[in-house]
Amino acid sequence: MDAVEDVKGRLSIEDVISRYVELKRAGRNFRGLSPFNNEKSPSFMVSPEKQIWHDFSSGKGGNMFSFVMEMEGIDFRGALELLARQAGIDLSQYQKSGGGQRTQQKQRLSEALELAAKFYQAHFKKNRPSLDYIIKKRKFTKETALKFRIGYAPNSGDASTRFLLNKGFTLNELKQAGLTTQRYQQPGDMFRDRLMIPLMDPFGSVIGFTARTLVDEANAPKYINTPQTILYDKSRHVFGMHLAKEAIRKNGYVVVVEGNMDVIASHQVGVSQTVATAGTAITEQHLKMVGRLTHDVRLAFDQDLAGLAAAERAIPLASKQDISLSILTLTSAKDPDELIQKDPTAWQKAIDNPQYALDWLIERYQDQLDLTGAQGKRQFTDILFKVIRQLDDSVEQDHYINRLSKLIGINPEALRTKLTKGAAAKPTLKRRTSTPAQDDASQRELIKAQNHFLAIMLMQPGLRMYLKLLTDDILPQPAAKKLLTYLKKYPKFVFEETAEVPPETREYCQILVLLYEELYQEVELLDMRYEAAQLRARLLQQYVKFRKTALAKLMRDNGDSNELLTQAKELDMLLNSTKGDN
């Protein structure tokens, strides 16, 4: 049995996508507004016949699994689990011995946690101190409390444990879910007399809780969390992701804060692209999760030593994920929640003015260290050189060496010597020369040109003379590269639904057919020839621009420019060879 094929057999792609996009019938297909871009004219197409989708505005496309991966910011396994639940399919029947038992165990714990959340919500409505704390002190609305499913754990010792045992769960299951603990040889509630904030996975399923005391006591921790379980791992969990995904995708960036209350406050004032980690302990897994939705990450940690250290730790982690990391400075409040209560517009202003992480670090350590003495200067350079060594651009490294030289009054050559001596193989810190929005727009245009060109090449064998000059390194996507190689090898190949093509290109070919039928089926051959020539020229222009940028960097770094100049001239010749095409 194949779980993927069974899911496809039970779900139609238009039903899956209509959960996210309003679709309207357009002949044999469905049409809607792109969920990836703000647009007024619908350019998003779904083909029930081919079970594929294509977004003409971004060039993205695929099947129901790739769509869910895009929308939810999850990997293929996560998309399979989500769609299997929608289809009523138990994935454990497809797993080897032992795997099915673990899946059933997860399901039982998930059901217990969901019921616990409802139990806490019911008690929250009846508990005046917790209501006053949320509504009066924190100034959250009832709608916000319901949105985040805020609850209250009663102070009766074992109320939630007894409730869940009566619902058919075992004591062992409740311990495994982190809801029950052993106290004085008797089972009792893990959480008592605390405000309960459910922790949810990217799909909105409860996986644990953060519990806040309502009475600040010297010996009692303000917050306690669900311990590590098979469902909850604080090194991977991003609070609020299930509610922030759409806003992150729409705005093109994510704001990462320390506390759950900061997230809730931010969402209440409409800044929904905000999530939290477990305090300042941001991990590579956290960055990987948000990185599936955006490469623009803005940290808003508390303006203290812990926040400073967290930002320092996050920089090399972000570099591994090709993430552009910046820091938000809060000038009139200790955290986002406090700032929002004072002035919500000041919070948005801080978000709109992020500071590149390294510049922020330099300014903070200027305040923390005494730069008039030798020891302070050594500490200052020791700390910052750990980051500067990770910059992949020698010009940028030189910029910061000169900046530090002026700040501490040390000869730049001495700093260069220190930088070189401490150099080691480390991941490179990616500082974008353009904004993420500009990068994404350029990539979208390149993919669109690629797909439009190959749609014509696939469906019009008589125009395949335009494949000349193109090589697979010019195209940005793997399936497009393979299709280009295949069409050049078999220039007379005629595509049909039953035609033999490389398996890894079949779905891509179906997307191209959908694109061709929508845009080019009624176009005159002469006009299509002109379009093919223009699209090829656009692809080559982008390729030449990219290669020249790379060559310019090599010239700066290496100094030996003869061979590089020869390559640049060859690129110009390649571009000029397309002039006169029609």
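Now for a description of the structure that goes with this document. Computed from a predicted structure; not experimentally measured.

**Quick notes on the overall build of the protein chain**
A count of helical and extended segments in the protein chain gives 24 helices and 16 strands. Classification of the 582 residues of the protein chain by burial places 48% in the buried group. The long-range share in the protein chain, meaning contacts at least 24 apart out of those at least 6 apart in sequence, stands at 65%.

**Points about the environment of Ile 388**
Along the chain, Ile 388 turns up in helix α17 (residues 374–388). For Ile 388 and Ile 401, which are 13 residues apart along the polypeptide, the C-alpha to C-alpha distance reads 8.5 Å. Not counting the four nearest positions on each side in its chain, Ile 388 is found in contact with Leu 358, Gln 397, Tyr 400, Leu 404 and Leu 419.

**A few points about the pattern of salt bridges**
Pairing between side chains of opposite charge can happen when the charged atoms of each approach one another. Under the defined criterion, the tally for this structure stands at 26 salt bridges. For the salt bridge of Lys 60 with Glu 70, the shortest nitrogen-to-oxygen distance reads 3.3 Å. Taken together, the positions of Lys 60 in the loop between β4 (52–55) and β5 (61–62) and Glu 70 in helix α3 (residues 64–72) put the pair 10 residues apart, joining distant regions of the chain. Look at Lys 60 and you get partly exposed, because its relative accessible area is 30%. A salt bridge links Glu 111 to Arg 108; its shortest N-O distance comes to 4.0 Å. Here Arg 108 and Glu 111 lie together in helix α5 (residues 99–126), a separation of 3 residues that amounts to about one turn.

**Thoughts on the pairing of strand β15 (residues 324–327)**
In β15, alternate side chains face the same way, and those of Ser 324 and Ser 326 on one face and Leu 325 and Ile 327 on the other are all buried. Here strand β14 (residues 296–300) runs beside β15; their pairing, made up of 4 bridges, is parallel. For Leu 299, the partnering residue across the bridge sits in β15 and is Ile 327. Relative to strand β16 (residues 355–356), β15 is paired through 2 bridges, and the arrangement is antiparallel. For Ile 327, the partnering residue across the bridge sits in β16 and is Gln 355.

**Observations concerning the pairing of strand β8 (residues 186–189)**
Looking at chain direction, strand β7 (residues 180–183) and β8 are connected through 4 bridges and run antiparallel. Residue pairing across strands places Arg 183 opposite Gln 186, the latter belonging to β8. Taking the residues that link successive antiparallel strands as the turn, the β7-β8 hairpin has 2 residues, and the phi of Tyr 184 there is positive, at about 50 degrees.

**Some points on the sheet that holds β5**
One open sheet accounts for 5 strands, arranged β1-β2-β3-β4-β5; its pairing is antiparallel. The open sheet terminates on both sides in strands that have one partner only, identified here as β1 (24–26) and β5. Sheet topology places strand β2 (residues 29–32) next to strand β3 (residues 44–47); 3 bridges connect them, and they run antiparallel. Residue pairing for β3: Gly 32 is matched across the bridge by Phe 44.

**Some points on the sheet that holds strand β9 (residues 194–200)**
Taken in spatial order, the 4 strands line up as β6-β9-β10-β11 in an open sheet, and their pairing is antiparallel. In this open sheet, the two edge strands, each paired with only one partner strand, are β6 (151–153) and β11 (223–225). Neighbour to neighbour, the strand axes of the sheet diverge by 35 degrees on average, direction disregarded. Bridging between β6 and β9 involves 3 bridges; their strand directions are antiparallel.

Parameters and conventions
- Every chain is numbered on its own, with residues counted from 1 as its sequence reads.
- Thresholds applied to this predicted model are a pLDDT of at least 70 for local features of residues and 80 or more for the giving and counting of side-chain atom pairs; totals over whole chains, interfaces and linings are not thresholded and use all residues.
- Neither water nor hydrogens contribute to the side-chain values; these are computed over all heavy atoms in the structure.
- Here a helix means four or more residues in a row that DSSP labels H or I, a strand means two or more in a row labelled E, and each is numbered from the N terminus.
- The rule is simple: take the accessible area with a 1.4 Å probe, protein chains only, and divide by the maximum for that residue type; under 20% is buried, over 50% is exposed, in between is partly exposed.
- Should any heavy atoms of two residues lie within 4.5 Å, those residues are counted as being in contact.
- Within this document, salt bridges are pairs made up of a side-chain nitrogen of Lys or Arg and a carboxyl oxygen of Asp or Glu, the two lying within 4 Å of each other.
- By the convention used here, strands pair only if DSSP detects at least 2 bridges between them.
- Orientation is described by lines fitted to C-alpha atoms, with helices fitted over the stretch in contact, and by angles between N-to-C directions that extend from 0 to 180 degrees.

Just geometry here; none of it tells us what the structure is for.
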